[in-house]
Amino acid sequence: MAPVGPHDFRVCLLVAALARCTLPPSPTPPPESDHRARLEGVVVDRFEHDDLASSTHLERAVVDRETGKVEGEQATARVLGEGPEPRAVITAPRAEADLRARTVRMSGGVRLVDDEGRVMTTDVIRYRAAEDDLQSEGTVRVEGAGFTVDGARLVGKLKAGQLELEGPVEARTKPASD
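Just so we're clear, the structure is a prediction, and the values are computed from it rather than from any experiment.

1. Here's the deal with the overall build of the protein
A count of helical and extended segments in the protein gives one helix and 12 strands. Along the chain direction, N to C, the helices and strands of the protein fall in the order β-α-β-β-β-β-β-β-β-β-β-β-β. Relative to its 178 residues, the protein shows a buried fraction of 42%. Surface accessibility of the protein: about 9,500 Å² in total, with carbon and sulfur atoms responsible for 50%.

Here you go:
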């Protein structure tokens, strides 16, 4: 396993934020019922100690008040830090959350851009808050200034700040431009 580092990709912050707030998707619209609400232009803000920690926008969402499940489309989550600029922005065509189980799944081509311009892409990412377990499904690519790293998958413990790329891992550097 190749360590990614505690400051690489503030994915832990966003995924943890989503696990508490919840996002999601649905290829076919579910039937309306008394316990399901279909919404457009949904914004989910998550606060920690009275400070806004993250803000997630869903173009469309279905919320099941009975089961605590949310399915959304075109998710954009901004993880906030000390300053006015986001520490990371995560986008995905689909997002699902189970508020009771405290799990989040983002899929359809997940893209995370951190405040230093590094980009992580993967097909699917899952976070289980109760176990503090983060896992990607499918290969992961991380690109930054002068490097690209590909791995079989990303695993991590977010609260501990541990993110690792599992192998096989391939790293490439790019020559600095003059």
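2. With respect to the environment of Glu85
When you line up the elements, Glu85 lands in the loop between strand E4 (69–80) and strand E5 (86–98). Expressed as a C-alpha distance, the spacing of Glu85 and Asp115, which sit 30 residues apart in the sequence, is 7.9 Å.

3. Considering the pattern of salt bridges
Counted by the stated rule, this structure contains 14 salt bridges. Here Arg118 and Glu116 are joined by a salt bridge, their closest N and O atoms 3.6 Å apart. The class for Arg118 is buried, based on a relative accessible area of 12%. Here Asp150 ties to Arg172 by a salt bridge, and the two come within 2.7 Å at their closest N and O atoms. On the criterion of sequence distance, the pair formed by Asp150 in strand E9 (residues 147–151) and Arg172 in strand E12 (residues 170–173) is long-range, its members being 22 residues apart. On the basis of relative accessible area, Arg172 is assigned to the partly exposed category, the value being 29%. Here the residues in one salt-bridge network are Glu96, Arg105, Arg126 and Glu137, joined through shared partners.

4. Here's the deal with the side chain of Thr148
Within the element layout of this structure, Thr148 appears in strand E9. In this view, Thr148 contacts Arg141, Val142, Glu143, Glu170, Ala171, Arg172 and Lys174; residues no more than four positions away in its chain are not counted.

5. What about unusual backbone geometry?
Residues Gly167 and Pro168 are joined by a peptide bond in cis, for which omega reads 5°. For Pro168, the location among the structural elements is in the loop between strand E11 (162–166) and E12. For Gln74, which is not glycine, the phi dihedral falls at a positive 55°. By the secondary structure assignment, Gln74 is in strand E4. Given a relative accessible area of 36%, Gln74 falls into the partly exposed group.

6. With respect to the pairing of strand E8 (residues 133–144)
Pairing between strand E7 (residues 119–128) and E8: nine bridges, direction antiparallel. Bridged to Arg126 within E8 is Gln135. What sits between E7 and E8 in their antiparallel hairpin is a turn of four residues, with Asp132 showing a positive phi close to 55°. As paired elements, E8 and strand E10 (residues 153–157) share two bridges and run antiparallel to each other. In the sheet register, Gln135 faces E10, and the bridge partner there is Val155. Summarising the sheet, E8 and E9 pair through five bridges and their orientation is antiparallel. Bridging across to E9, Val140 finds its partner in Gly151.

7. Quick word on the pairing of E4
The sheet contact formed by strand E3 (residues 51–64) and E4 spans 10 bridges and is antiparallel. Across the sheet, the residue bridging to Val62 is Glu71, located in E4. With antiparallel pairing between neighbouring strands as the criterion, E3 and E4 make up a hairpin whose turn holds four residues, including Gly68 at a positive phi of roughly 80°. Pairing of E4 with E5, which is carried by 11 bridges, proceeds in the antiparallel orientation. Looking at the pairing, Glu71 lines up with Glu96 of E5. Taking the residues between adjacent antiparallel strands as the criterion, E4 and E5 are bridged by five residues.

Cut-offs applied
- Residues numbered from 1 in each chain as written.
- Predicted model: local features only at pLDDT ≥ 70, side-chain atom pairs only at ≥ 80, totals over all residues.
- Heavy atoms only, no water.
- Helix = DSSP H or I, 4+ residues; strand = E, 2+ residues; numbered from the N terminus.
- Buried < 20%, exposed > 50% of the residue type's maximum accessible area, 1.4 Å probe, protein only.
- Areas by Shrake-Rupley, 256 points an atom, 1.4 Å probe, with all protein chains shown as cover.
- Salt bridge = Lys/Arg side-chain N within 4 Å of Asp/Glu carboxyl O.
- Contact = heavy atoms within 4.5 Å.
- Pairing = 2+ DSSP bridges.

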